[in-house]
Amino acid sequence: MHSGLKSCDRRRPVGRRDFAVLSVLSRLGLRAGEVAGIRFCDIAWRAGELTVHGKGKRSERLPLPADVGKAIVAWLQRGRPDCASEHVFVRVRAPHRALSSEGVSAIVQHACERAGLAPVGAHRLRHSAATAMLRAGSSLDEVGQVLRHQRRETTQIYAKVDQRALAAVVRPWPG
């Protein structure tokens, strides 16, 4: 999604919003509905944490990477329309209501189009985030914590590792 991020024109409010949304999706591996549901009270700026309200009405705190926080701040300070919504991500055009999960998915699809990529859904970025974490040296258990999976098997499905990554950890067959 690197190309998709680059396709956002951050000189414009919609580009700043889209860049922030794509940053949250690609770096934290959130679901579209979780991104749409982020409210101001969910961000603990001083602690560098984000409370995510996920499946099964579970709420969990995740670290907020500095680059993602910076993208959100740019949207809030120089893009977000002045409105009463408690949600961080709102429509740029009136009525300025919270984005829906479909709206978040549309941001991903439009970024793909602008970047000349085949369209993908927001959930694909969750898979990409898992793979990137594994390639950076995170364990399956660590990736599962970030993605907030209940079972390790679920993380294994999401974290499809390429052959080179597997070859680096495989042990030779005995004998």
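1. Here's the deal with the overall build of the protein chain
For step 1, the next point in the chain: When you go through the protein chain residue by residue, the secondary structure sums to nine helices and three strands.
For step 2, the next point in the chain: Each of the 175 residues in the protein chain was classed as buried or not, and the buried ones make up 40%.
For step 3, the next point in the chain: Restricting the contact set of the protein chain to residue pairs at least 6 apart, pairs at least 24 apart contribute 52%.
For step 4, the next point in the chain: Looking at the protein chain as shown, the accessible area adds up to about 10,300 Å², and 52% of this sits on carbon and sulfur atoms.

2. Let's talk about helix H6 (residues 122-135)
Residues separated by three or four positions in an α-helix point in the same direction, a consequence of the helix having 3.6 residues per turn.
For step 1, the next point in the chain: In a regular helix each residue adds 1.5 Å, so 14 residues correspond to 20 Å; H6 covers 21 Å between its end C-alpha atoms and thus fits that length.
For step 2, the next point in the chain: Of the residues making up H6, those classed as buried are Ala 122, Leu 125, Arg 126, Ala 129, Ala 130, Thr 131, Met 133 and Leu 134.

3. Some remarks on the pairing of strand S2 (residues 49-53)
For step 1, the next point in the chain: Two strands pair when backbone bridges link them, and strand S1 (residues 43-44) and S2 are joined in this way by two bridges, in the antiparallel orientation. Within the sheet, the bridge partner assigned to Ile 43 lies in S2 and is Leu 50.
For step 2, the next point in the chain: Between S1 and S2, which pair antiparallel one after the other, the connecting turn spans four residues, and Gly 48 there sits at a positive phi close to 65°.
For step 3, the next point in the chain: Taken together, the five bridges between S2 and strand S3 (residues 59-63) define a ladder with antiparallel strand orientation. Paired with Leu 50 across the strands is Leu 62, a residue of S3.
For step 4, the next point in the chain: Taking the residues that link successive antiparallel strands as the turn, the S2-S3 hairpin has five residues, and the phi of Gly 56 there is positive, at about 65°.

4. Notes on the packing of helix H2 (residues 13-28) against helix H4 (residues 66-78)
For step 1, the next point in the chain: Look at H2 against H4: their axes get within 8 Å of each other, and the N-to-C directions meet at 155°. When the axes of H2 and H4 are compared, the pair comes out roughly antiparallel. In this structure, H2 meets H4 at a crossing whose hand is left-handed. Counting all contacts with H2, which are made through Pro 13, Arg 16, Arg 17, Phe 19, Ala 20, Ser 23, Val 24 and Arg 27, the residues of H4 involved are Asp 67, Val 68, Ala 71, Ile 72, Ala 74, Trp 75 and Arg 78.
For step 2, the next point in the chain: The residue inventory of the contact of H2 with H4, partitioned by class, reads nine nonpolar, one polar and five charged.

5. What about the packing of aromatic side chains?
For step 1, the next point in the chain: Under the criterion given, the structure shown has zero aromatic pairs.
For step 2, the next point in the chain: Against the face of Phe 19 rests Arg 10, its NZ or CZ located 3.8 Å from the ring centre.

Conventions used here
- Residues numbered from 1 in each chain as written.
- Predicted model: local features only at pLDDT ≥ 70, side-chain atom pairs only at ≥ 80, totals over all residues.
- Heavy atoms only, no water.
- Helix = DSSP H or I, 4+ residues; strand = E, 2+ residues; numbered from the N terminus.
- Buried < 20%, exposed > 50% of the residue type's maximum accessible area, 1.4 Å probe, protein only.
- Contact = heavy atoms within 4.5 Å.
- Areas by Shrake-Rupley, 256 points an atom, 1.4 Å probe, with all protein chains shown as cover.
- Expected span 1.5 Å × (residues − 1).
- Pairing = 2+ DSSP bridges.
- Axes fitted to C-alpha atoms, helices over the stretch in contact; angles between N-to-C directions.
- Parallel < 35°, antiparallel > 145°, perpendicular 65-115°, else oblique.
- Left-handed = near helix turned anticlockwise from the far one by under 90°.
- Nonpolar A, V, L, I, M, F, W, Y, C, P; charged D, E, K, R; others polar.
- Phe/Tyr/Trp six-rings, centres within 6.5 Å; stacked < 30°, edge-to-face > 60°.
- Lys NZ or Arg CZ within 6 Å of the ring centre and 35° of its normal.

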